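A structural walkthrough
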Amino acid sequence: IVKRRIAIFANAWSEKNLSDALEGVKDEAQKRDIDLFVFLSHAAPGMNANEQREEKRIYQLPEFSEFDGLIVFSSTMNFDDLVDDARDRAVVAGIPAVSVGSKVDGMVSVEMSNKETMCELVEHLVTCHGVKDVEFIAGPRGRSNSDLRIEAWQQVFAKHGLAATDDRVHYTDWSAREAANVVEEVIARRGDKLPDAFICANDYMALGASGVLGEYGYKIPEDVIVTGYDYTYDGQIFYPSLCTVGQNDYQVGKTAFN
C-alpha cells in the first residue's frame, strides 16, 4: 500500500509559531496515516541575491506529481514568487493546494484574523493608555498580513479622530535589524519628542526597536510603548515581555490540513 504524501512549504523566520502549526498538521496527518514532507528555508529580503537563490532552491526539490497535496505557509514565505510558483506547479500536477496566513488566488486559504486582532490591540492602546501618536513599523510594502495590520491601526485611529498618516508607516523586510534602523531614524528626526508608541507588525521588529530605545536610555513602557505581533517565544522571555498578539497556531495547522 502506497501511503499518501503531503508537501509543506514554509519559512523558518518564526520557529515557535511554525512548529506549533506543524504540530497541528502532524496530529491530523497521523490520524489518517499520511506522510508529511516539510521544505523549509530562511530566505529573506535582507539577503543578497546569491543567498536568496540558494535558500530558495529547496522549494524546487519536490516533484508535485508524487504528492497528494500541498500546504504553503504563505504569510511566512517573504517572496510572492515562491508562493505563485508553488501554486502553479500544484495546478499542473492536479493536487489540492492550501495557503496558510494569506489569501492567494487559486488556492484554498486559511487566513488569520490580522485586522480584527490588531484592532483590539490598538483600541487597547488608545482607550487604556491614551496613545495618540504612533510610528508604525511594517513588513514589506504590499504584503497582505502587514497591510491589514496597518489598516487596523488607521481604522481605530480614525474612529477616535486621531491622525494615522502614511508618513508614519515604515516598510521593512520584517527583520529586527531594519526595525532598529527605523527607530534610529525616528530618534534622529524627532529628538526627545518620541511617539507614544511604536507599533510593530511582528515581534522580532519590536525586539529590534526595543533594543535601540534601551541603548538611548529610554524605558519601556514608561517612556514609550512598543508592541509586536505573533506572540513569539523570544518576545515572552524578553524583559520587559512584549505586548503582542497571539493566535492559536496549533489550530491553524489542524484547519489547514482538513
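Everything here concerns the structure above.
Parameters and conventions
Residues numbered from 1 in each chain as written. Predicted model: local features only at pLDDT ≥ 70, side-chain atom pairs only at ≥ 80, totals over all residues. Heavy atoms only, no water. Core = buried A, V, L, I, M, F, W, Y, C linked by side-chain atoms within 4.5 Å. Buried < 20%, exposed > 50% of the residue type's maximum accessible area, 1.4 Å probe, protein only. Helix = DSSP H or I, 4+ residues; strand = E, 2+ residues; numbered from the N terminus. Contact = heavy atoms within 4.5 Å. Phe/Tyr/Trp six-rings, centres within 6.5 Å; stacked < 30°, edge-to-face > 60°. Lys NZ or Arg CZ within 6 Å of the ring centre and 35° of its normal. Pairing = 2+ DSSP bridges. Axes fitted to C-alpha atoms, helices over the stretch in contact; angles between N-to-C directions.

1. Concerning the nonpolar core
With 46 residues, the main nonpolar core has F136, I137, W153 and L213 as its most contacted residues. Of all elements in the fold, only α4 (114-129), β6 (134-138), α5 (144-159), α6 (176-190), β8 (197-200), α7 (203-215) and β9 (225-227) reach the threshold of two or more residues within this core. At seven residues, the largest contribution of residues to this core is made by α7. Excluding anything up to four places from it in sequence, W153 contacts V122, V134, F136, A164, T165, R168, V169 and I199.

2. Side note on the packing of aromatic side chains
Considering all chains together, one arrives at seven aromatic pairs under this definition. On the basis of an interplanar angle of 75 degrees and a centroid distance of 5.7 Å, the ring pair of F9 and F39 is categorised as edge-to-face. Of the two residues, F9 sits in strand β1 (residues 5-11) while F39 sits in strand β2 (residues 35-41), which places them 30 residues apart along the sequence. With relative accessibility at 12%, the residue F39 sits in the buried group. Ring geometry for F9 versus Y59: centroids 5.0 Å apart, planes at 50 degrees, classification tilted. Residue F9 is found in strand β1, and its partner Y59 is found in the loop between α2 (49-56) and β3 (69-72); the two are separated by 50 residues along the sequence. Judged by relative accessible area, which is 1%, F9 ranks as buried. Feature note: the residues F9, F37, F39, Y59, F64 and F67 constitute an aromatic cluster, connected by ring pairs. Above the plane of the ring of F67 lies R5, whose end atom (NZ or CZ) is 4.6 Å from the centre. K56 extends its terminal NZ or CZ atom over the ring of F79, reaching a point 3.9 Å from the ring centre.

3. Digging into the pairing of β1
For a regular strand, the rule is simple: side chains alternate between the two faces of the sheet. By the criterion of burial, β1 is predominantly enclosed, with six of the seven residues buried. Bridge analysis of β1 against β2 gives seven bridges, and the strand direction is parallel. Within the sheet, the bridge partner assigned to R5 lies in β2 and is D35. Here β1 pairs with β3 via four bridges, running parallel. Across the sheet, I6 pairs through a bridge with G69, a residue of β3.

4. Topic: the sheet that holds β8
Sheet architecture is open: four strands sit in the order β7-β6-β8-β9, paired in parallel fashion. The open sheet is flanked by β7 (169-171) and β9, the only strands paired with a single partner. Taken pair by pair, the neighbouring strands of this sheet meet at an average axis angle of 15 degrees, ignoring direction. Here β6 pairs with β8 via four bridges, running parallel. Paired with F136 across the two strands is I199, which belongs to β8. Of the strands in this sheet, β6, β7 and β8 are in contact with α5, which crosses β6 at around 165 degrees. Lying over the sheet, α6 contacts β6, β7 and β8, oriented at roughly 155 degrees with respect to β6.

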